[in-house]
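Breakdown of the fold
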Amino acid sequence: MTKVPTSRLDKLLANMGYASRREIQFLAKAGRIRLDGAPMKGADERIALTPDLETRLVVDGEALDPLPGFALMLNKPLGVTCSRKEAGALVYDLLPSRWRRREPAISTVGRLDKETSGLLLLTDDGALLHRIIAPSRHVPKVYRAHLARPLSGDEGALFASGTLMLDGEDKPLAPAELEVAGEREARLTVHEGRYHQVRRMFAAAGNHVEALHREAVGGLALPPDLEPGAIRRLTAADLDAIFAAP
Ligand code: URA
């Protein structure tokens, strides 16, 4: 049987960004933290981190934020950067402010360019992050690209060849699958995550990507009802879908 981890109340809530450990002690003394309806007066008490804690533990009348070890999807809007410290709008600004103070921190699973929209995953679980981006897993990423010029018809074979070499690199790209979706529109499935990969692939084919949108990671598609800028917590089924062959 796996042992359920436990944590001191003040450490748990401080790491989840609620307040400093000292402030948590005051909140507890003031009866503002309740477990199963009863005030938890001792901030040094240990509690079991079972998933039901998210509904059983209430701070100032609000159910607990997600416990550590969770993942999210964001419909990344255009014009926001996957970085913590660049100037301008950042993806982390789209998270609730308390979540931005969490430890372990929530990080993007790989990156999308500032001018790429669509499915971006985030997690505070380092093992999960590495499982998704590990080259050995080949988790496919599906992009829809809108191109400046009509497709020539040769791109599919070029991208599938396994011999395409991008400028400045010394290893050819793994085969990728192209599906023509219009005269200047294509869906491209890649199994790596190289820098500006899709834009550079079309550049190598003599074209230019005007708009790029990520539709899916593994078998997990961006839900059509998730508005740009909106986030949604991943379920266990979503996580399974990432690793299931689409
Ligand atoms: N390929 C790109 O060129 N840009 C992205 O954001 C993702 C893949």
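Some remarks on the pattern of salt bridges
Applying the stated criterion to the full structure yields 19 salt bridges. When the shortest N-O distance is used, the salt bridge between D10 and R21 registers 3.7 Å. With a gap of eleven residues between them, D10 in helix α1 (residues 9-15) and R21 in helix α2 (residues 21-29) connect regions that are remote in the sequence. Judged by relative accessible area, D10 falls into the buried class, the value being 1%. R98 is paired through a salt bridge with D65; the nearest N and O atoms lie 2.7 Å apart. Here R98, found in the loop between β7 (71-76) and β8 (107-108), pairs with D65, found in the loop between β6 (62-63) and β7; they are 33 residues apart in sequence, far enough to count as distant.

So, the domain arrangement of the chain
Note: interface size is frequently given as the accessible area lost on complex formation between the parts. Taken domain by domain, the chain holds domain 1 (6-63), domain 2 (71-134 + 220-242) and domain 3 (140-217). Distance from the C-alpha centre of domain 2 to the C-alpha centre of domain 3: 23 Å. If you look at the interface, domain 2 gives 16 residues, while domain 3 gives nine residues. Linking domain 2 with domain 3 are one salt bridge. One salt bridge connects D113 with R199, and the closest N-O pair in it is separated by 2.8 Å. Broken down by secondary-structure element, the contributors of at least two residues to the side of domain 2 that touches domain 3 are β9 (116-123) and β14 (220-221). For the side of domain 2 that touches domain 3, the element with the highest residue contribution is β9, accounting for six residues. Looking at the side of domain 2 that touches domain 3, its residues break down into ten nonpolar, four polar and two charged.

Re the sheet that holds β6
Read from one edge of the open sheet, four strands run β3-β2-β5-β6, paired in antiparallel fashion. One side of each edge strand has no neighbouring strand; the edge strands of this open sheet are β3 (38-39) and β6. Direction of pairing for strand β5 (residues 57-59) relative to β6: antiparallel, over a ladder of two bridges. For V58, the partnering residue across the bridge sits in β6 and is A63.

Definitions and limits used
Residues numbered from 1 in each chain as written. Predicted model: local features only at pLDDT ≥ 70, side-chain atom pairs only at ≥ 80, totals over all residues. Heavy atoms only, no water. Salt bridge = Lys/Arg side-chain N within 4 Å of Asp/Glu carboxyl O. Helix = DSSP H or I, 4+ residues; strand = E, 2+ residues; numbered from the N terminus. Buried < 20%, exposed > 50% of the residue type's maximum accessible area, 1.4 Å probe, protein only. Domains from an automatic or database assignment. Contact = heavy atoms within 4.5 Å. Nonpolar A, V, L, I, M, F, W, Y, C, P; charged D, E, K, R; others polar. Pairing = 2+ DSSP bridges.

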